Amino acid sequence: MAFSGVALTLMLSAFDISTAGLFVSGLKVWQLVLTIIEIVCSIGSIIMVLIATVWFLILLHGRTVKVFKSEDIIDKDIHKEKSEFAAVWVMDKYTNAVGEMREIIHKKQKSFDKAIIIIIVGIVMYAVSILLQKGGF
């Protein structure tokens, strides 16, 4: 998330579309197409990195996760039961907690992977816009 924030700051500080209108009138068709591609890549990259940054912020928001509460052993007097019953009870609670956490972690990992792909595409688009801008046409 920090990287996407820094990348977004750098992109926004270098973003200048005001001069594009001045050059459009005297351009050949292929130069006009390259200028349009540059503008689309520049704006698109900022939008994509902004989306990825917001996505990372959303991923920081925690969800309620079922946990294994060891206090239940004392509260429900499980420690006074036979060892076989206590072992089965502990395994059941642990299995339920781990299963639920695994599902949440899997969803967050998929979401994180999508955000990483979006930020990479945004950075590639920004690189294309810089290459077109500095290409000297």
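Structure: above.
Note that the structure is predicted; figures quoted are calculated from it, not measured. (Residues numbered from 1 in each chain as written. Predicted model: local features only at pLDDT ≥ 70, side-chain atom pairs only at ≥ 80, totals over all residues. Heavy atoms only, no water.)

A. Main features of the overall build of the protein. Within the protein, the secondary structure is distributed over five helices and zero strands. Residues classed as buried in the protein amount to 24% of the 137 residues present. In the protein, 86% of the contacts between residues at least 6 apart in sequence involve partners at least 24 apart. Carbon and sulfur atoms make up 69% of the accessible area of the protein, which totals about 9700 Å². (Helix = DSSP H or I, 4+ residues; strand = E, 2+ residues; numbered from the N terminus. Buried < 20%, exposed > 50% of the residue type's maximum accessible area, 1.4 Å probe, protein only. Contact = heavy atoms within 4.5 Å. Areas by Shrake-Rupley, 256 points an atom, 1.4 Å probe, with all protein chains shown as cover.)

B. Structural context of the nonpolar core. Residues Ala7, Leu8, Met11, Ile46, Val49, Ala52, Phe56, Leu59, Ala115, Ile118, Ile119 and Tyr126 constitute the largest nonpolar core, which totals 12 residues. Elements with a contribution of two residues or more to this core: α1 (2-14), α3 (29-60) and α5 (83-134). Ranked by the residues each element gives to this core, the list is headed by α3, at five residues. If near-sequence neighbours (up to four positions away) are discounted, Leu59 is found in contact with Lys108, Ser111 and Phe112. (Core = buried A, V, L, I, M, F, W, Y, C linked by side-chain atoms within 4.5 Å.)

C. The packing of aromatic side chains, seen in detail. Taken as a whole and assessed by the stated rule, the structure comprises one aromatic pair. Residues Phe56 and Phe112 carry aromatic rings whose centres are separated by 5.6 Å and whose planes lie at 50 degrees to one another, so their mutual orientation is tilted. Taken together, the residues span a long stretch of sequence, with Phe56 in helix α3 and Phe112 in helix α5 at a distance of 56 residues. A residue is classified by how much of its surface remains accessible, and Phe112, at 35% relative accessible area, is partly exposed. (Phe/Tyr/Trp six-rings, centres within 6.5 Å; stacked < 30°, edge-to-face > 60°.)

D. Region of interest: the pattern of salt bridges. Per the counting criterion, the structure on display carries one salt bridge. Here Lys107 and Glu103 are joined by a salt bridge, their closest N and O atoms 3.5 Å apart. Residue Lys107 and its partner Glu103 are located together in helix α5, separated by four residues, close to a single helical turn. When its relative accessible area of 48% is taken as the criterion, Glu103 is described as partly exposed. (Salt bridge = Lys/Arg side-chain N within 4 Å of Asp/Glu carboxyl O.)

E. Region of the structure containing a negative patch on the surface. Together, Glu71, Asp75, Asp77 and Glu81 make up a region of like negative charge exposed at the surface. Summarising the element assignment, Glu71 is placed in helix α4 (residues 71-75). (Patch = residues over 30% accessible without salt bridge, like charges linked within 9 Å, V, L, I, M, F, W, Y side chains within 5 Å. Lys, Arg positive; Asp, Glu negative; His and termini not counted. Charge placed at Lys NZ, Arg CZ, Asp CG, Glu CD.)

F. How the structure looks around the environment of Ile46. Tracing the sequence through the fold places Ile46 in helix α3. C-alpha of Ile46 to C-alpha of Ile119: the two residues are 73 residues apart in sequence and 9.5 Å apart in space.

G. Seen up close, a nonpolar patch on the surface. Taken together, the side chains of Val29, Val33, Ile37, Ile120, Val124 and Val128 present a nonpolar region at the surface, about 490 Å² in accessible area. At the level of secondary structure, the elements contributing two or more residues to the nonpolar patch comprise α3 and α5. In this fold, Val124 is placed in helix α5. Classification of Val124 by relative accessible area gives partly exposed; the value is 48%.

H. Fine view of the side chain of Ser129. Its place among the elements puts Ser129 in helix α5. In contact with Ser129, other than residues within four places in its own chain, are Glu38, Cys41 and Ser42.

I. Spotlight on the side chain of Thr53. Examined against the element boundaries, Thr53 turns out to sit in helix α3. Judged by relative accessible area, Thr53 falls into the buried class, the value being 12%. With near-sequence residues (within four places) excluded, Thr53 lies in contact with Ser4, Gly5 and Leu8.

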